[in-house]
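Residue-level listing of the chains:
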Amino acid sequence: QERYGSDFSILHEDDDVLVVSKPSGMVCYHQRKTTAGKVGRKKGVKQEDAAVDADISLVDALVEDANVRMSTLNPKAAGVVHRIDRGTSGCIVLAKADEMHALLVAEFFTRGAHKVYDALIPARPVYVHEADGQVDDTLPDSGAINLPINDKSARSKFEVVKSFDEDAAIRIRMET
């Protein structure tokens, strides 16, 4: 637990699935772009000062360190059904059984599963209105975000949950 940060915990476990709270700074599994020891090392930040050990992935923590049996459908990403970015903390679903892995991947692929993020943002962000491209710093109570990533559509809707003097708590619902 100490090695992975206080945000790392198993929220649910049964014979088929595992739901884990993944801390910010931890990758789900190592890929070519996120090789162990290469990623997460920012200039001027010593490894021992990092909140989460950059050499540890979620899969490493569960399979190698905790000896959790995961699905074998994708050996590199053992049991990972969906990913969340390294810099994002939150719940992630993993499959322990191959049949459940296939079912859950299909749910995410067909958008049967819905992803919702809660975020704290500056109360006066620069906001571009989708309809007319107008830029202002007045955060509307709700709106849409349409920012393609790598030429792929990326649409989300947001709503302000609570406003504070300097910040706003928003809820973001992913559409794509």
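This text goes with the structure placed above it.
These remarks concern the structure in this document. Because the structure is predicted, anything quoted here is derived from the model rather than measured.

## With respect to the environment of Ser153
Here comes step 1: Structurally, Ser153 is set in the loop between strand S7 (142-146) and strand S8 (155-163).
Here comes step 2: Classification of Ser153 by relative accessible area gives partly exposed; the value is 43%.
Here comes step 3: Linking Ser153 and Glu175, residues 22 residues apart in sequence, is a C-alpha distance of 9.6 Å.
Here comes step 4: A polar contact of 3.2 Å, which involves the side chain of Ser153, links it to the side chain of Arg155.

## Quick notes on the pattern of salt bridges
Here comes step 1: Using the criterion set out here, one finds five salt bridges in the structure.
Here comes step 2: For Glu13, the salt bridge goes to Lys96, with nearest N and O atoms at 2.7 Å. Of this pair, Glu13 sits in strand S1 (residues 9-13) while Lys96 sits in the loop between strand S3 (90-95) and helix H2 (98-109), placing them 83 residues apart in sequence.
Here comes step 3: As a salt-bridge pair, Arg171 and Asp118 come within 2.7 Å of each other at their nearest N and O atoms. Within this pair, whereas Arg171 is found in strand S9 (residues 167-174), its partner Asp118 is found in strand S4 (residues 116-122), the two being separated by 53 residues in sequence.
Here comes step 4: With a relative accessible area of 55%, Asp118 lands in the exposed category.

## Some thoughts on the environment of Asp60
Here comes step 1: Inspection of the secondary structure assignment puts Asp60 in helix H1 (residues 58-65).
Here comes step 2: Of the residues examined, Asp60 reaches a relative accessible area of 12% and is grouped as buried.
Here comes step 3: The contacts of Asp60, once residues within four sequence positions are left out, are His30, Asp55 and Asp65.

## Examining H2
Here comes step 1: If you check H2, its first and last C-alpha atoms are 16 Å apart, about what twelve residues at 1.5 Å a residue would give, namely 16 Å.
Here comes step 2: Those residues of H2 not exposed but buried are His101, Leu104 and Phe108. Projection of H2 onto a plane perpendicular to its axis shows the buried side chains occupying an angular sector of 75°, all on one side. In H2, the exposed residues that point more than 90 degrees away from the buried face are Glu99 and Phe109.
Here comes step 3: Residues of H2 that are buried make contact with strand S2 (17-22) and S3.
Here comes step 4: Among the residues trailing H2, Arg111 stands out with phi positive, at a value near 65°.

What counts as what
Residues numbered from 1 in each chain as written. Predicted model: local features only at pLDDT ≥ 70, side-chain atom pairs only at ≥ 80, totals over all residues. Heavy atoms only, no water. Helix = DSSP H or I, 4+ residues; strand = E, 2+ residues; numbered from the N terminus. Buried < 20%, exposed > 50% of the residue type's maximum accessible area, 1.4 Å probe, protein only. Polar contact = N/O pair within 3.5 Å; in protein donor to acceptor, adjacent residues only side chain to side chain. Salt bridge = Lys/Arg side-chain N within 4 Å of Asp/Glu carboxyl O. Contact = heavy atoms within 4.5 Å. Expected span 1.5 Å × (residues − 1). Arc of directions from axis to C-beta.

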